[in-house]
Amino acid sequence: MRTLVTGGAGYIGSHLVDALLGLGHDVTVLDDLSTGSRSNIGRHVDAGAIDFVEGSILDPDLVDQYVSTSELVFHLAAAVGVKFIVDEPLASLLTNTRGTEIVLGSCHANGVRVLLASTSEVYGKTSKVPFEEDDDRVLGPTTIHRWGYSTAKAFDEHLALAYADKGLEVSIVRYFNSYGPRLDPRGYGSVVANFIRQSIAGEPITVHGDGRQTRCFTYVDDTVAGTVAAGITDAAMGRVINLGTTEETAIGDLAATIRDMIGSSSDISYAPYEDYYGSGFEDTRRRVPEIGRASSLLQWEPKVRLREGLERTIAWWRETHG
Ligand code: UDP
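These numbers come from a predicted model, not from an experiment.

Cut-offs and rules
Residues numbered from 1 in each chain as written. Predicted model: local features only at pLDDT ≥ 70, side-chain atom pairs only at ≥ 80, totals over all residues. Heavy atoms only, no water. Helix = DSSP H or I, 4+ residues; strand = E, 2+ residues; numbered from the N terminus. Rg over C-alpha atoms; globule rule 2.2 N^0.38 Å. Buried < 20%, exposed > 50% of the residue type's maximum accessible area, 1.4 Å probe, protein only. Near = heavy atom within 4 Å. Polar contact = N/O pair within 3.5 Å; in protein donor to acceptor, adjacent residues only side chain to side chain. Areas by Shrake-Rupley, 256 points an atom, 1.4 Å probe, with all protein chains shown as cover. Nonpolar A, V, L, I, M, F, W, Y, C, P; charged D, E, K, R; others polar. Axes fitted to C-alpha atoms, helices over the stretch in contact; angles between N-to-C directions. Parallel < 35°, antiparallel > 145°, perpendicular 65-115°, else oblique. Contact = heavy atoms within 4.5 Å. Phe/Tyr/Trp six-rings, centres within 6.5 Å; stacked < 30°, edge-to-face > 60°. Lys NZ or Arg CZ within 6 Å of the ring centre and 35° of its normal.

## Digging into the overall build of the protein
Thought 1: Each helix and strand counted, the protein has twelve helices and 13 strands in total.
Thought 2: Over its C-alpha trace the protein gives a radius of gyration of 19 Å, about what one expects of a compact globule, namely 20 Å for 322 residues.
Thought 3: Taken along the three principal axes of its C-alpha coordinates, the protein extends 55 × 45 × 40 Å.
Thought 4: Split into buried and exposed, the 322 residues of the protein put 56% on the buried side.

## A word on the site of the ligand
Thought 1: Near the ligand, the surroundings consist of 17 residues, among which V191, T206, H208, R215 and D283 are the closest.
Thought 2: At 3.5 Å from an oxygen atom of the ligand is found a side-chain nitrogen or oxygen belonging to R146.
Thought 3: Note that an oxygen atom of the ligand is positioned 2.6 Å from one of the backbone N or O atoms of V191.
Thought 4: Burial of the ligand by the protein amounts to 94% of the accessible area it has alone, namely 520 Å².
Thought 5: At the level of secondary structure, the elements contributing two or more residues to the shell around the ligand comprise helix 7 (191–201) and strand 8 (205–208).
Thought 6: Its residues placed into classes, the shell around the ligand shows seven nonpolar, six polar and four charged.

## Re the packing of helix 5 (residues 89–110) against helix 6 (residues 146–165)
Any two packed helices are characterised by how steeply their axes cross, that is the angle between the axes, and by the distance between the axes.
Thought 1: Two elements in contact, helix 5 and helix 6, have axes whose closest approach is 9 Å; the angle formed by their N-to-C orientations is 10°. Between helix 5 and helix 6, the interaxial angle falls into the category roughly parallel. Between helix 5 and helix 6, the contacting residues are L93, N96, T97, T100, E101, L104, G105 and H108 on the first element and G148, Y149, A152, F155, D156, L159, A160 and Y163 on the second.
Thought 2: The residue makeup of the contact of helix 5 with helix 6, split by class, is eight nonpolar, six polar and two charged.

## Some details on the environment of D234
Thought 1: Among the structural elements, D234 can be located in the loop between helix 8 (220–232) and strand 11 (240–243).
Thought 2: In this structure, the C-alpha to C-alpha distance between D234 and V170, residues 64 residues apart in sequence, is 9.6 Å.

## Quick look at unusual backbone geometry
Thought 1: Here the residue pair V129 and P130 is connected by a cis peptide bond, since its omega of -5° sits within 30 degrees of zero.
Thought 2: With respect to the element layout, P130 can be found in the loop between strand 5 (113–119) and helix 6.
Thought 3: A positive phi angle, near 80°, is found at R182, a position not held by glycine.
Thought 4: With respect to the helices and strands, the residue R182 is situated in the loop between strand 7 (178–179) and helix 7.
Thought 5: Using a relative accessible area of 16% as the deciding quantity, one classes R182 as buried.
Thought 6: We note that Q299 has phi near 50°; this positive angle belongs to a residue other than glycine.
Thought 7: For Q299, the location among the structural elements is in the loop between helix 11 (292–298) and helix 12 (306–321).

## Description of the packing of aromatic side chains
Thought 1: Across all of its chains, the model carries ten aromatic pairs by this definition.
Thought 2: Judged by centre distance (6.4 Å) and plane angle (50°), the rings of F131 and F176 are tilted. Taken as a pair, F131 in the loop between strand 5 and helix 6 and F176 in the loop between strand 6 (170–175) and strand 7 lie far apart in primary sequence, 45 residues in all.
Thought 3: When the ring centre of Y276 is taken as origin, the NZ or CZ atom of K83, which lies over that ring, is 4.8 Å away.
Thought 4: Sitting over the face of the ring of Y123, R174 holds its NZ or CZ atom 4.7 Å from the ring centroid.

## Here we look at helix 7
Thought 1: Residues of helix 7 that are buried include every one of V192, A193, N194, F195, I196, Q198 and S199, and no others.
Thought 2: Residues of helix 7 that are buried make contact with strand 7, strand 8, helix 9 (251–262), helix 10 (274–277) and helix 12.
Thought 3: Between a side-chain oxygen at the N-terminus of helix 7 and the backbone nitrogen of V192 the separation is 2.9 Å; the capping residue is S190.

## Some words on the environment of V240
Thought 1: Tracing the backbone through its elements, the reader meets V240 in strand 11.
Thought 2: Residue V240 is classed as buried on the basis of its relative accessible area of 9%.
Thought 3: Each C-alpha atom of the pair V240 and E101 lies 18 Å from the other, and the pair is 139 residues apart in sequence.
Thought 4: Not counting residues within four places of it along the chain, the set of residues in contact with V240 comprises E133, E157, L161, I172, R174 and R293.

## As for the environment of V288
Thought 1: Along the chain, V288 falls in the loop between helix 10 and helix 11.
Thought 2: Sequence separation between V288 and T97 is 191 residues, and the spatial gap between their C-alpha atoms is 26 Å.
Thought 3: Setting aside residues no more than four positions away along its own chain, V288 makes contact with V129, P130, F131, F176, C216 and E248.

Function-wise, these values are silent; they only describe arrangement.
Here is the structure:
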């Protein structure tokens, strides 16, 4: 199929491109290289295996040009990473709302099926664990920038479902803390990148708060397998689907695991959230998906355990960053 991947030069997007090429798709990538990188897809570009368009989802004519010649769209382009959102709230909000509006509107106008990549951040700080797709969302006040990301992505989901009522074939996946090779070494979007970088450099590993907050770290191959399945499965249309492992890990334990796997002598330091995110920050205490829907609709289940995924990620890191 002729397939467009917005955000295809990003960390998850580029793995998605690999998978789609493996399945024989004819792939075009639209990416503004804000957090993505040409090197993530460079070998495909050089080999002429994909079309790469450097441009923004905020450009309606450009988006329409490429959507109209596609049969399937994976919309992953977004401002991502809590730290990035907190540092750049305005640009993040505009990209994540206007950009998605443009992509979905074009898909609707052209009758093209689309997958929307969303996030477990949508659940906010709810304490009901595990998170089911139809659960209530629990957010803090608008004065806390972090919740703008959750709000923008939830707006995107509303928009997608409203277009679905008007006939758009759209599926929505919510990612849970994806990690793996090609993580941005600056740490945007992942504590895993920060901890690997700090461990290898022998710097203190910076755990925020008491380190007992938990996440379900999902290896990128699993994230991508679920994304492809949700994009091509008819039964996924009009549905919201969690994609995450149920292996729950405390951040303090993650720090110790990564440090030991790397054989680092780094100290593990505990510091208030505010030292990193600035004043007025709220975190999600436990984030765990219920994945029965992905299992029944997509026959999807995560395959890579944390240790194995970290081994692969650390091996990649050493090869590319020393
Ligand atoms: N975190 C941390 N040290 C870091 C970066 C993040 O302790 O250097 C914590 C962060 O406060 C959160 C968890 O790790 O509790 C996951 O953060 P990340 O930004 O990876 O993703 P999130 O789950 O917040 O979207």
